[in-house]
Amino acid sequence: MSGLEPVPDGVELARGEAGLAAATRQLRDVQHPRVVEIADRVLTRALAAPRRSLLMRAHAPHDYLRVSTLAVTAVLREHLDLHLQGAAVGRILFDIDRDEQLLALTIELYVQYGTVILETGDRARELAREALASLLGEPVPLPAPGTGSSTSPSSGVELVVSHVHVSDVTVGDPHVVDPADEDRA
Amino acid sequence: MPSHDGRPPHGSRSAAQPPVPDASDNALARRAGMGDRAAFEELFARLFPGTLRFATHLLADDTAVAEDVVQESWVKAWQALPDFHGTAKVQTWLFTIVQRTALDRRRRRRPLAVDNEILEPLARGSARTTLAGENDGDPERAYLSGELWRTLTLALSELPWTQRACWILRELEDMSYSEIAHVLDTTPTVVRGQLHRARRTLAIRMEQWR
């Protein structure tokens, strides 16, 4: 191969390779002397870093509040992962309009092979509704176009569509494996 | 099942919550992306030592910068996890962030084109690592004391950037050629060539300093 460093006179490459192998074994076992201290600092800083999010309206007794999609995502995921059998949440997508009304919610699921998908989808919808109600207030459908407004914007949550999308299937428990893990296996 | 009033029991972790220690790295990344801090902490516990080792050896002449690079990388990872779709292993995704952050810091610090032909100047005596300790800069003394890894650390700091990165990822992190190629944004063939050169140079140094 061109560009290789020439072996200098008096240097026995095979012996150097043996030395390198021994040194590599030693280096693998060397721990950074301050690894615990650095880890604590880095983890604290990382978890304190803000993530991007959108805001959506929530019911309040006399007006409305605005809730971050980060909070809603976390609660939805925890609630669904806790109660949904044979399926785990892959992603959660929000469609929020300019007035910060939640128009649609899409929940991507990874489903374990053999799980009944339609029942799982219905259960996921039900659980998502519970989680949304706990955070934003009870979702109500928007009135059909041309039928007048039965709910004012300040009355809170108007969820038009809730999609449940099964995006992949796993052989193992989707809470602890990812489809990509099984693709590589 | 949900609580009797139908409200989700958020804020507390139930015994029925999916187990974090059993989850794969990618499953943890998915959950961390959706705000599961326990999943992120588990992922951090698994992958942080490797990222610190990688940055420390990659930036062997400046450990303070290496620590900053690791911190910046994990902050970026926490912020970007919601957009991680699991098409690659989360380990290679993380090491890609570390490598790019380290390269960026190195370019900002030294306004030289990064070129594989530029040798890191061992001779200037600035090749130091916290790992190198008392035999800093004296490879012969390190060799004689039987601490071969100190000699190797110094020899590593002499290698060009890509060779050094390939060697660390292969020999210390046990990555495949295609995973290394993903981290360094190159091809497995290039990785194979860079590794061959790195191993040869390191073997020559180890023998010269014996």
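What you see as residue numbers is a count from 1 along each chain, following the sequence as written. Starting at A for chains and at 1 for ligands, labels are handed out in the order in which the entities are written. Note on the predicted model: pLDDT of at least 70 is required for a residue's local features to be given, and 80 or more for side-chain atom pairs to be given and counted; whole-chain, interface and lining totals, by contrast, use all residues.

## Quick notes on the overall build of chain A
Basically, it comes down to this: Only DSSP runs of H or I reaching four residues or more are called helices, and only runs of E reaching two or more are called strands; each is numbered from the N terminus. In this scheme the burial state of a residue depends on its C-beta neighbours within 10 Å: 20 or more other such atoms mean buried, 12 or fewer mean exposed, and anything in between means partly exposed; the C-beta positions come from the backbone. A residue pair is marked as a contact if its C-beta atoms, positioned from the backbone, fall within 7 Å.
A tally of regular secondary structure across chain A gives five helices and five strands. Ordered by position from the N terminus, the helices and strands of chain A form the series α-α-β-β-α-β-β-α-β-α. A burial count over chain A gives 29% of its 185 residues as buried. Taking all contacts inside chain A whose residues are at least 6 apart in sequence as the whole, residues at least 24 apart take part in 59%.

## Concerning the overall build of chain B
Looking only at helices and strands, chain B has nine helices and zero strands in total. Taken from the N to the C terminus, the helices and strands of chain B come in the order α-α-α-α-α-α-α-α-α. Each of the 210 residues in chain B was classed as buried or not, and the buried ones make up 49%. Here the analysis covers contacts within chain B between residues at least 6 apart in sequence; of these, 61% occur between residues at least 24 apart.

## Structural notes on the interface of chain B and chain A
Interfaces are often sized by the amount of accessible area the parts lose when they come together. Filter applied, for reference: All amino acids are sorted into three groups, where Ala, Val, Leu, Ile, Met, Phe, Trp, Tyr, Cys and Pro are nonpolar, Asp, Glu, Lys and Arg are charged, and the leftover types, Gly among them, are polar.
Taken together, the contact between chain B and chain A spans 62 residues of the former and 54 residues of the latter. Of all the secondary-structure elements, those providing two or more residues to the side of chain B that touches chain A are α1 (25-33), α2 (37-58), α3 (63-80), α6 (148-158), α7 (161-172) and α9 (188-208) of chain B. Here the side of chain B that touches chain A gets 12 residues from one element, more than from any other, and that element is α9 of chain B. Broken down by class, the residue content of the side of chain B that touches chain A amounts to 28 nonpolar, 19 polar and 15 charged.

## Notes on unusual backbone geometry
The phi torsion at Glu-100 of chain A lies on the positive side, around 65 degrees, for a residue other than glycine. Backbone geometry places Asp-174 of chain B, a non-glycine residue, at a positive phi of 60 degrees.

## Concerning the UniProt feature "domain: RNA polymerase sigma factor 70 region 4 type" (unreviewed entry) in chain B
Applicable threshold: UniProt positions are given in the numbering used here, feature names are shortened, and annotations may be inferred rather than shown by experiment.
Sites flagged by UniProt as "domain: RNA polymerase sigma factor 70 region 4 type" (unreviewed entry) map to residues 152-202 of chain B. As annotated, residues 152-202 of chain B has a helix share of 82% and a strand share of 0%, and its two end C-alpha atoms lie 7 Å apart.

## Digging into the nonpolar core
Rules: Think of a nonpolar core as buried Ala, Val, Leu, Ile, Met, Phe, Trp, Tyr and Cys residues chained together by C-beta atoms that fall within 7 Å.
Grouped together as the largest cluster of nonpolar side chains are 61 residues, with contacts concentrated most on Ala-55, Val-98 and Leu-152 of chain B. Looking at which element gives the most residues to this core, the answer is α2 of chain B, with nine residues. Leave out the neighbours within four places in its chain, and Ala-55 of chain B touches Ala-66, Val-69, Val-70, Val-98 and Ala-102 of chain B. Counting 27 residues, the second largest nonpolar core, distinct from the first, contains Ala-74, Val-75, Leu-127 and Leu-135 of chain A.

## Some remarks on the confidence of the model for chain B
Residue and element names in this part refer to chain B. We count it as follows: Residue-level confidence of the predictor is summarised by pLDDT, bounded by 0 at the bottom and 100 at the top.
Averaged over every residue, the pLDDT of chain B is 81; the share at 70 or more is 72%. Ignoring residues within four places in sequence, the model shows residues 1-15, a span with pLDDT below 50, making 20 contacts including any to other chains. Every residue in residues 121-134 is under pLDDT 50, and counting partners more than four places away or in other chains gives 28 contacts. Note on the complex model: pTM 0.80, ipTM 0.80.

## Some remarks on helix α1 (residues 13-29) of chain A
Threshold: Any helix carries an expected span of 1.5 Å times its number of residues minus one.
An ideal rise of 1.5 Å per residue puts 24 Å on 17 residues; α1 of chain A measures up with 25 Å between its terminal C-alpha atoms. Elements in contact with the buried residues of α1 of chain A: α6, α7 and α9 of chain B.

## So, the pairing of strand β4 (residues 102-112) of chain A
Residue and element names in this part refer to chain A. The test is simple: In this scheme, strands are said to pair when DSSP sees at least two bridges between them.
Pairing between strand β3 (residues 87-96) and β4: nine bridges, direction antiparallel. Each residue of the ladder has a partner; that of Ile-96, found in β4, is Leu-102. As consecutive antiparallel partners, β3 and β4 are separated by five residues, and within that stretch Glu-100 has a phi angle of approximately 65 degrees, a positive value.

## Regarding the pairing of strand β2 (residues 64-68) of chain A
Residue and element names in this part refer to chain A. Sheet topology note: the strand β1 (residues 55-59)/β2 ladder contains five bridges and is antiparallel. By the bridge assignment, Arg-57 is partnered in β2 with Arg-66. Linking β1 back to β2 in an antiparallel pair, the connection comprises four residues.

## Observations regarding the packing of α1 of chain A against α9 of chain B
Stated formally: In this description, a line fitted to the C-alpha atoms serves as the axis of each element, helices being fitted only across the stretch in contact, and the angle between N-to-C directions of two axes falls anywhere from 0 to 180 degrees. Each angle receives one of four descriptions, namely roughly parallel if under 35 degrees, roughly antiparallel if over 145, roughly perpendicular if within 65 to 115, and oblique otherwise.
One way to put it is that α1 of chain A packs onto α9 of chain B with a least axis distance of 7 Å and a crossing angle of 95 degrees. One way to sum up the angle between α1 of chain A and α9 of chain B is to call them roughly perpendicular. Packed against α1 of chain A, whose contacting residues are Leu-13, Arg-15, Gly-16, Glu-17, Gly-19, Leu-20 and Ala-23 of chain A, the element α9 of chain B presents Arg-199, Leu-202, Ala-203, Ile-204, Met-206 and Glu-207 of chain B at the interface. Residue composition of the contact of α1 of chain A with α9 of chain B, grouped by class: seven nonpolar, two polar and four charged.

## A word on the packing of helix α2 (residues 35-48) of chain A against α2 of chain B
For clarity, the cut-off: Left-handed describes a crossing whose near helix is turned anticlockwise from the far helix by less than a right angle; the clockwise case is right-handed.
α2 of chain B packs onto α2 of chain A with a crossing angle of 135 degrees between their chain directions and a minimal axis gap of 11 Å. Overall, the two elements α2 of chain A and α2 of chain B adopt an arrangement that is oblique. Judged by the sense of rotation from one axis to the other, the crossing of α2 of chain A with α2 of chain B is right-handed. Here α2 of chain A contributes Val-35, Ile-38, Ala-39, Val-42, Leu-43 and Leu-47 of chain A to the contact with α2 of chain B, which in turn contributes Arg-37, Phe-40, Glu-41, Phe-44, Phe-48, Pro-49 and Leu-52 of chain B. The class makeup of the residues in the contact of α2 of chain A with α2 of chain B is 11 nonpolar, no polar and two charged.

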